[in-house]
Amino acid sequence: MSAIPVSPMEQPWPLPSRGRVGMLSLIIGESAIFTIFVVAYVFYIGKSLSGPTPQQVLEVPIFNTICLLSSSVTIWLAERQIERGKMKAFGALWGLTILLGLIFIGGTALEWHKLIYVDGLTIRTNLFGTTFYSLVGLHATHVVIGLIGLTLILLFTLTGHVNERHSERIQVFALYWHFVDAVWVVVFTVVYIIGR
Amino acid sequence: MADQTVPIAGSFDITPPRRSPSLLLEWLHGWVVTVDHKRLGILYVVYGIFFLLVGGAEAMIIRAQLAFPDNHLISPEMYNEMFTMHGTTMVFLVGMTILFGFANYLVPLMIGARDMAFPRLNAFSFWLTAFGGLLLYYSFIGGFGLYGMGGAPAVGWWAYAPLSEKPFTVGHSTDYWAISLIVAGFGTLGTAINIVATIISLRCRGMTLLRMPLFVWLMLVVSGLTLITITPLTAAQVMLLIDRYLGGHFFDAQAGGSATIWMHFFWIFGHPEVYVLVLPAFGIASEIIPVFSRKAIFGYPAMVAASVGIAFVSLGVWAHHMFTIGMTSVSNAFFVLSTMLVGIPTGIKIFNWVATIWGGKIRFATPMLFCVAFLFQFLIAGLTGIMLSVAPWDWQLHNSYFVIAHFHYVLVGAIVFNIFAAIYYWYPKVTGRMMSETLGKWHFWLFLIGFHITFDTMHFVGFLGMPRSIYTFEADRGWNTLNLVISIGGFIQAIAVLLFAWNLVHSYFRGKEAGNDPWDAWTLEWAIPSPPPVYNFAADPEVHSRRPLWDLKHPEDPDWKYEA
């Protein structure tokens, strides 16, 4: 293409990273899925024909929420460590993120166990059960997928396969984790504050 | 450039491999494991054309059944399966795959890139879509379930719940519908992510956003729109499956669930979906019309703005499919007005295409013929759309054949016509051979005549009160002649499509050699040999205007002097 006469424009040609753009696109798509489930939840608040109602059985999971939101901070700190090449600190913070995520998912498991075996609320009990388990379950599924990804990266880190050259990929993955945390803020607000 | 088959002469051993006995197997294996955007694009389009024939055959069965009053050619259950599968096939397995196939093939070439941003995700997405389609069609034999009930999905392509709930649709037919579309939907989502990342991150030097070919712009808008429109359908289908398999109550009116919320969720997906299909068709027209009018596109920035505008407005019009369910007058008024608003950016586009043709040196080759027919038909489709957007008018004609005529004017008159135009236009690039113009003109005129016989007449039979999705009708309704005419038009279209399929195959072996640039076009894909080499561009291209090949061909008068 050298025969093209050169126009006055001769500048550097920076473009956004494809990883970031791809992950942001995925997040936009996922947001739409969550939006539909949130709309269904809000639409059916108080429409159940039989109990139990959210007021009777739901407890606000404050400790869980603090753990999950802190994991966004620890993963952010981990991102900064890998940029500087401090792999030990990165591994520690990354492991802490996984631990916080595990505490969250364990807390959800305990909550569901109580709801099912003590309160007798299942997905087929009433509209509240249907919308609650699907919305919170959809989020929990995302946490589990995130935890699998985080754990894989931790294993690669421990075996020495991750270094500062991978910091951008790590940050792209961290975007997903931040998204999972941000969605929890919405789910928490809708389920435990508005709907209760 | 034609002799440039490797980037640097002598750098590779290009002697052809020896013929081995398993050559066919190797060739097949090559296509299955490929991550090349060009091969995947071809796979998408071939897959789409195959299902175009299947979906077309289903339409022919529908028209054969409706050709005469009190007809019992097929059973009522079979009839329901046919119109459900026809709609589902044409939207998800034909429209989406062919248009995303074009995007796969053309976007990297048009922006001067080596491949898509995520080649393996690209292959994964294609195979997901392909398996989704196979799963849908497996329902013909697998849908009977344990109790021998069901068959292929028979609930309409919109699958309105609670009709599609377990008590009303036994067997596994609806499960096949939901699961296959979830699978195909994830494939579509992957491709959309890929296209967005490709266009944002892989443009060649100098390809600023406002220098991208309009087809690339439209695919960026469409992919962005796909991200937020396919996903609500996936979410709603997951809810439907929760109801059907886990005993949930999302759409269960007996447990307090709503009978209309599925409609909202479905049309929040379904209406923008129409724009997901028609915007790439706009992109095709915006590439072909300038080349065959020998003029640069008129009002490029307005075209871009109108595309983005259409995408935005399309997100807020879904309930115009639901005027008859009894919404409040405020909601009705909102959706009437938002729907009419779509007419403004689309009108801008039509004016710009006409202004591009105006005063041009027009060549009526087959691609241009299809595009000109598209202009007229899309205008009429838009006008009947404005009519239907008026709520009281819609109360009269809702679910009538007038609606069927309106949306087939969009889906066939605009989208399919432009898909044909695109295949005639880019076939030489993909295969290195021209398609036969004689057969092409036969195809065009037969299809045009058949199209108008069928769908013009459908408007009238709709005015006379014939509802959609009915199995048959009594002889004294006054619809007899019109229905026969519609069916005859349908079969003329079928003959035209068969001619087209023959042309595709015949030209692959017997077509004229195309050369790099048979149409004297201006976008980057015509700068490289046909078919393009695996690596696309021997050297990374650099562009300075919206028509890089014009600059190359006319160094004394390059475009960038005029593009501020």
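None of these values were measured; they are calculated from a predicted model. Position numbers for residues start from 1 in each chain and track the written sequence from start to end. Both sets of labels track the order of writing: A upward for chains, 1 upward for ligands. Local features in this predicted model are restricted to residues of pLDDT 70 or higher, and side-chain atom pairs are both shown and tallied only at a pLDDT of 80 or more, whereas totals for entire chains, interfaces and linings draw on every residue.

Caption draft 1: Local environment of the overall build of chain A. A tally of regular secondary structure across chain A gives 6 helices and 0 strands. Order of helices (α) and strands (β) in chain A, N terminus to C terminus: α-α-α-α-α-α. Considering only C-alpha atoms, chain A reaches an extent of 75 × 45 × 20 Å along its principal axes. Any residue with 12 or fewer other C-beta atoms within 10 Å of its own C-beta is exposed, any with 20 or more is buried, and the rest are partly exposed; the C-beta atoms used are placed from the backbone. Taking all 196 residues of chain A together, 34% fall into the buried category. Sequence separation of at least 24 residues holds for 84% of the intrachain contacts in chain A that already meet a minimum separation of 6. Secondary structure elements follow DSSP: runs of H or I no shorter than four residues count as helices, runs of E no shorter than two count as strands, and numbering proceeds from the N terminus. We call two residues in contact when their backbone-placed C-beta atoms lie within 7 Å.

Caption draft 2: Region of the structure containing the interface of chain B and chain A. Counting residues at the interface gives 42 residues for chain B and 32 residues for chain A. Residue assignment for the side of chain B that touches chain A shows that the elements contributing at least two residues are α5 (173-201), α6 (214-246), α7 (261-293) and α16 (548-553) of chain B. Considering each element in turn, the side of chain B that touches chain A owes the most residues, 10 residues, to α6 of chain B.

Caption draft 3: Layout of unusual backbone geometry. Note the cis peptide between G51 of chain A and P52 of chain A, where omega equals -5°. Locating P52 of chain A in the fold gives a position in the loop between α1 (18-43) and α2 (54-57). Of note, the phi angle at R294 of chain B is positive, near 55°, even though the residue is not glycine. The topology assignment puts R294 of chain B in the loop between α7 and α8 (300-314).

Caption draft 4: Quick peek at the nonpolar core. Residue and element names in this part refer to chain B. Each nonpolar core consists of buried Ala, Val, Leu, Ile, Met, Phe, Trp, Tyr and Cys residues. Their C-beta atoms, within 7 Å, join them into a set. Counting residues in hydrophobic clusters, the biggest one holds 208 residues, and the most contacted among them are I111, V216, M219, I288 and A421. Per element, the largest residue contribution to this core is 23 residues, and it comes from helix α13 (residues 401-431). Not counting residues up to four positions away in its chain, the partners in contact with I111 are I199, L202, R203, C204, M207, M212 and V216. In this structure, F83, M85, A152 and A154 belong to the second largest nonpolar core, which totals 6 residues.

Caption draft 5: Here's a closer look at the environment of E58 of chain B. Residues and elements named next belong to chain B. Summarising the element assignment, E58 is placed in helix α2 (residues 37-66). Judged by the 21 C-beta atoms lying within 10 Å of it, E58 is buried. For E58, the contacting residues outside a window of four places in its chain are M82, M85, H86 and T89.

Caption draft 6: Spatial organisation of the environment of A285 of chain B. Residues and elements named next belong to chain B. Looking at the element boundaries, A285 is found in helix α7. Taking the C-beta count within 10 Å as the criterion, A285 has 30 such neighbours and is therefore assigned buried. Distance from A285 to A421, taken between C-alpha atoms, is 8.1 Å for residues 136 residues apart in sequence. Those residues in contact with A285, other than ones at most four positions away along the chain, are W353, C371, F374 and N418.

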